[in-house]
Amino acid sequence: MHIKTRKLTTCAVLIALAVAVTVFTIRFGDIFELSLAPVVVMIAGVYLGPLYGAVCGIAADFLGTLALGTGYNPIFAVTWFLYGVIPGLMIKKIPASFPRSLATVCVTQVICSIALNTLWIYLFYGAGLSVVRFVGSVCSLGIYIVLFYLAQKGIARFSKKTLRQVT
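Residues numbered from 1 in each chain as written. Predicted model: local features only at pLDDT ≥ 70, side-chain atom pairs only at ≥ 80, totals over all residues. Heavy atoms only, no water.

### Considerations on helix 4 (residues 76–90)
The following threshold applies: In this description a helix means any DSSP run of H or I spanning at least four residues, a strand means any run of E spanning at least two, and both kinds are numbered starting from the N terminus. Given the number of residues in a helix, its expected span is that number minus one, multiplied by 1.5 Å. Only protein chains enter the calculation, and the probe is 1.4 Å; a residue is then buried if its accessible area is under 20% of its type maximum, exposed if over 50%, and partly exposed in between.
Its 15 residues place the ends of helix 4 22 Å apart at the C-alpha level, agreeing with the 21 Å of an ideal helix rising 1.5 Å per residue. In terms of residue burial, helix 4 counts as a mostly covered element, since eleven of its 15 residues are buried. Listed in full, the buried residues belonging to helix 4 are Phe 76, Ala 77, Thr 79, Trp 80, Leu 82, Tyr 83, Gly 84, Val 85, Ile 86, Pro 87 and Gly 88.

Structure, rendered in structure tokens:
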């Protein structure tokens with residue numbers, strides 16, 4: 001299979017996975033939600049590169065809101081764009097070391113969730129940084145770090161196994 005076709009196919013599968021896990025989002029009012037979709041988008045950025053990560057993030061955001069039946073606000077697409085780009089710029093090889101994964105998820109979460117999403121929520125809903133939002137962001141950070149690192153290890157193991165079968 002051609003490399004570009006493989007990347008497009010993988011990106012489509014990761015978008016579908018991100019939308020699928022969006023259905024299981026846990027909401028805490030209008031100020032915080034816990035979703036595993038950002039982890040899928042971060043993996044797309046690392047595995048496929050920042051451009052495909054950005055596409056995956058924007059598509060997952062749009063299709064996820066359609067799947068949930070919530071209103072789409074395009075300003076949040078900036079956050080999802082960065083969920084795919086930042087990890088793709090910070091990590092060039094899967095699997096990354098645990099410290100590199102930790103730093104990548106922390107930087108991405110601080111920029112995307114704590115800073116930007118808090119700003120968007122303040123601008124559009126009038127709610128600022130609350131205790132629920134802060135505690136939720138810290139809790140999701142821990143979950144994201146573990147899942148991001150484990151997903152990288154799983155992808156690396158699967159990729160090696162697949163390459164051995166092909167050759």
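### Comments concerning unusual backbone geometry
The step from Ile 94 to Pro 95 runs through a cis peptide bond, and the omega angle for that step is -10°. Mapped onto the elements, Pro 95 comes out in the loop between helix 4 and helix 5 (98–125).

### Remarks on helix 5
For the record, the criterion: Given a residue, its bend is the angle between the two axes fitted to the seven residues that end at it and to the seven that start from it.
In the structure, helix 5 departs most strongly from a straight axis at Gln 109, where the bend amounts to approximately 35°. All of the buried residues along helix 5 are Ser 101, Thr 104, Val 105, Thr 108, Gln 109, Cys 112, Ser 113, Leu 116, Asn 117, Thr 118, Trp 120 and Ile 121. Looking one or two places after helix 5, you find Gly 126, whose phi comes out positive at around 80°.

### A closer look at the packing of helix 1 (residues 3–22) against helix 3 (residues 50–68)
The cut-off we apply is this: Between N-to-C directions, angles span 0 to 180 degrees; the directions come from axes that are lines fitted to C-alpha atoms, helices contributing only their stretch in contact. Left-handed describes a crossing in which the near helix is turned anticlockwise from the far one by less than a right angle; the clockwise case is right-handed. Here a residue-residue contact requires only that any non-hydrogen atoms of the pair lie within 4.5 Å. Only Asp, Glu, Lys and Arg are considered charged in this grouping, and only Ala, Val, Leu, Ile, Met, Phe, Trp, Tyr, Cys and Pro are considered nonpolar; every other residue, Gly among them, is considered polar.
Remark: helix 1 packs on helix 3, axes separated minimally by 8 Å, with the N-to-C direction vectors making an angle of 35°. In this structure, helix 1 crosses over helix 3, and the sense of that crossing is right-handed. Residues Lys 4, Lys 7, Leu 8, Cys 11, Leu 14, Ile 15, Ala 18, Val 19 and Thr 22 of helix 1 lie in contact with helix 3, whose contacting residues are Tyr 52, Val 55, Cys 56, Ala 59, Ala 60, Leu 63, Gly 64, Ala 67 and Leu 68. Classifying every residue of the contact of helix 1 with helix 3 gives 14 nonpolar, two polar and two charged.

### A word on the environment of Leu 141
Within the fold, Leu 141 resides in helix 6 (residues 131–166). Taking the C-alpha atoms as reference, Leu 141 lies 9.3 Å from Leu 102; in sequence the two are 39 residues apart. Once residues within four sequence positions are removed from consideration, Leu 141 is found in contact with Val 105, Cys 106 and Gln 109.

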